[in-house]
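These are the residues of each chain, in order.
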Amino acid sequence: MVMFTVTRKETSPFEGQKPGTSGLRKKVTLFKQPNYLHNFVQSTFDALSAGKVTGATIVVSGDGRYFSKDAIQVIIKMAAANGVRRIWVGQNGLLSTPAVSAVIRERVGADGSKATGAFILTASHNPGGPHEDFGIKYNMENGGPAPEAITDKIFANTKIIKEYLIAEDLPDVDISVLGVSSFGGPEGPFDVEVFDSTSDYVTLMKTIFDFKSIQKLLACPKFTFCYDALHGVAGIYAKHIFVEELGANESSLINCTPKEDFGGGHPDPNLTYAKELVARMGLGKSGPQGEPPEFGAAADGDADRNMILGKRFFVTPSDSVAIIAANAVQAIPYFTSGLKGVARSMPTSAALDIVAKNLNLKFFEVPTGWKFFGNLMDAGLCSICGEESFGTGSDHIREKDGIWAVLAWLSILAYRNKDKLDGEKLVMVEDIVLQHWATYGRHYYTRYDYENVDAGAAKELMEHLVNLQSSLPDVNKIIREVRPNVSNVVQADEFEYKDPVDDSISKHQGIRYLFEDGSRLVFRLSGTGSEGATIRVYIEQYEKDPMKTGRDSQEALAPLVGVALKLSKMQEFTGRSAPTVIT
Ligand code: G6P
Ligand code: ZN
């Protein structure tokens, strides 16, 4: 057996290693500085209780972006030196964020071992490559991101760190080959197990969905399908699940080979960045090359986000979660016995609220960030949840889950078509959405993003909006001047949330303007960017009249958009005459 020794290396703090809820995300060039990653990893070990490190089993993997392979070797050597008993690595260092959550919760080692946490190496939907982003976050025993108490401790540690422990003489482990490498250190044995990246996750999906019924749908020639992984880690799960398990044609997968730089693209599944899929689905500017598929979907780099499309049809993420919730009990075996509750983030449209009301379900509106759902799920209060930011999921894990969302939609389609597969016409994505609007009304919805705005200017704009809230007559006067037909603002505030589980209070979670007719304008600064500030404007209008639910959404929302830009003095503060991205 190869033996290793432990070295204490002197180091000094780096500024700015504050992990957000999605971990520490920075440019690769920063991460490559000597000791930068080491400091963060040691600070994390030091923030965990001893039992979660000494003798523990920890997972290390991610979306495969540039610098992941180097980072994995560093983390293995530091884990060995810190007394970790065993490291589990997905083959080639690949595990989607939802798969990590599933592995923590479900995987049992040959000797009965269970993981107590995971380092996830990803910057999610941010581009990758030598000049782009890298990221690292720690997830806990429940499979969800570390709570603020831990991330605060990590940050505090990064500010005073003086040394870290590392097994410098531990040889690099070949993470491309499945199997266990065993080593011996001063504290005893240390193993690195490289395991199959997809099998635990696929096993879990099979306990949730009826794969046979989805297989039948995919085998029907009238149902055509396309999945775009944007060169992220979702590709390996797509191959295993859609092709090998469900029988989809290999040609229905695009960009499904993970690449360190995501092929130079921006791995974010929306109408702007998922260009190839959008064109295939007949939604692109250039028009389709042939008949578009009936169903299309995409994922982000680490496969926790999803976008659902029908033929020439976009499903807003806010509608998607509402539709999944409305159909789950009938269409998805995991939910047969009913939903414990549903939840959405504040800026997400109120489509889910109406479903909850109609189905008499517990309902929660939480601040942006998946951790708020995790608390509800751990307390047994929530089964399905979603966000406007292309995140949808359930209590099967503690992360949002891009492939799960696709399987949920395929299940609904399979259920709606179970007696129709031999008939003339199938019920397709657009039909399901239109029926939903006919039953519940439609929430016209759009989001304007202003990326990489000067941070000072963004702060001033937000302060201006808060100040403006103190006088609703002034607000309504501005509205009358720009758009006389838009209804009055009846309430304006900054969203604040009291967590019903731990009573913690989260303040300043977005500025809201609520209109008499149920419309809403929400303004927030993004918490996930890595350069400058990103201002997000969320625009929503409810239409109950079935005769009026079929309009083009940008057209229907134009008056409210005009009001939003005027109220916020967007151009004055930012110098921008148009958003960077519209979703
Ligand atoms: C991550 C989180 C989501 C959240 C999103 C918001 O993806 O996991 O829960 O909705 O960030 O991002 P933003 O850039 O709007 O802060
Ligand atoms: Zn992601």
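Residues numbered from 1 in each chain as written. Chains lettered and ligands numbered in written order. Predicted model: local features only at pLDDT ≥ 70, side-chain atom pairs only at ≥ 80, totals over all residues.

## Observations concerning the site of ligand 1
Here is step 1: Ligand 1 sits among 13 residues. The nearest are W370, S389, S526, G527 and T528.
Here is step 2: Across the shell around ligand 1, the residue classes break down as one nonpolar, ten polar and two charged. (Near = placed C-beta within 6 Å. Nonpolar A, V, L, I, M, F, W, Y, C, P; charged D, E, K, R; others polar.)

## What about the nonpolar core?
Here is step 1: By size, the foremost hydrophobic cluster in this structure holds 144 residues, and its most contacted members are I58, V60 and A325.
Here is step 2: The element best represented in this core is helix α13 (residues 402–416), accounting for eleven residues.
Here is step 3: Both of domain 1 (2–197) and domain 2 (201–440) provide at least three residues apiece to this core.
Here is step 4: With residues near it in sequence (within four places) discarded, I58 still touches A79, V84, I87, A115, T116, G117, A118 and F119.
Here is step 5: If you look at the next biggest cluster of nonpolar residues, it comprises 32 residues, including L465, F523, I535 and Y538. (Core = buried A, V, L, I, M, F, W, Y, C linked by C-beta atoms within 7 Å. Buried ≥ 20, exposed ≤ 12 C-beta atoms within 10 Å, placed from the backbone. Helix = DSSP H or I, 4+ residues; strand = E, 2+ residues; numbered from the N terminus. Domains from an automatic or database assignment. Contact = placed C-beta atoms within 7 Å.)

## A word on the environment of K544
Here is step 1: Note on placement: K544 falls in the loop between β26 (533–543) and α17 (553–568).
Here is step 2: Note: C-alpha distance between K544 and H443 (101 residues apart in sequence) is 8.6 Å.

## Regarding unusual backbone geometry
Here is step 1: The phi dihedral of R312 is positive, around 50°, even though this residue is not glycine.
Here is step 2: As for its placement among the helices and strands, R312 is situated in the loop between β14 (306–310) and β15 (313–315).
Here is step 3: On the basis of neighbour counts, which here come to 12 C-beta atoms within 10 Å, the residue R312 falls in the exposed class.
Here is step 4: Residue K569 is not a glycine yet carries a positive backbone phi of 50°.
Here is step 5: On the basis of neighbour counts, which here come to 15 C-beta atoms within 10 Å, the residue K569 falls in the partly exposed class.

## Structural notes on the domain arrangement of the protein chain
Here is step 1: Structurally, the protein chain comprises domain 1 (2–197), domain 2 (201–440) and domain 3 (442–582).
Here is step 2: On a C-alpha basis, the centres of domain 1 and domain 2 stand 30 Å from each other.
Here is step 3: Residue-level contacts link 27 residues of domain 1 with 30 residues of domain 2.
Here is step 4: Ranked by residue count, the leading element in the side of domain 1 that touches domain 2 is helix α4 (residues 97–106), at seven residues.

## Some thoughts on the sheet that holds strand β1 (residues 2–3)
Here is step 1: With respect to topology, eight strands assemble into an open sheet ordered β1-β9-β10-β5-β4-β6-β7-β3, the strand pairing being mixed. Where the open sheet ends on each side, the last strands, each with one partner, are β1 and β3 (24–27).
Here is step 2: Two elements, strand β6 (residues 117–121) and strand β7 (residues 133–139), share four bridges in a ladder whose sense is antiparallel. By the bridge assignment, F119 is partnered in β7 with Y138.
Here is step 3: Each of β4 (57–62), β5 (86–90), β6, β7, β9 (179–185) and β10 (188–195) touches helix α3 (residues 68–81); the most contacted strand, β4, lies at about 170° to it. (Pairing = 2+ DSSP bridges. Axes fitted to C-alpha atoms, helices over the stretch in contact; angles between N-to-C directions.)

## Comments concerning the UniProt feature "domain: Alpha-D-phosphohexomutase alpha/beta/alpha" (unreviewed entry) in the protein chain
Here is step 1: Mapped onto this structure's residue numbering, the UniProt feature "domain: Alpha-D-phosphohexomutase alpha/beta/alpha" (unreviewed entry) falls at residues 17–163, 200–309 and 318–419.
Here is step 2: Secondary structure content for residues 318–419 is 45% helix and 16% strand, and the end C-alpha separation is 29 Å. (UniProt positions renumbered as here; feature names shortened; annotations may be inferred.)

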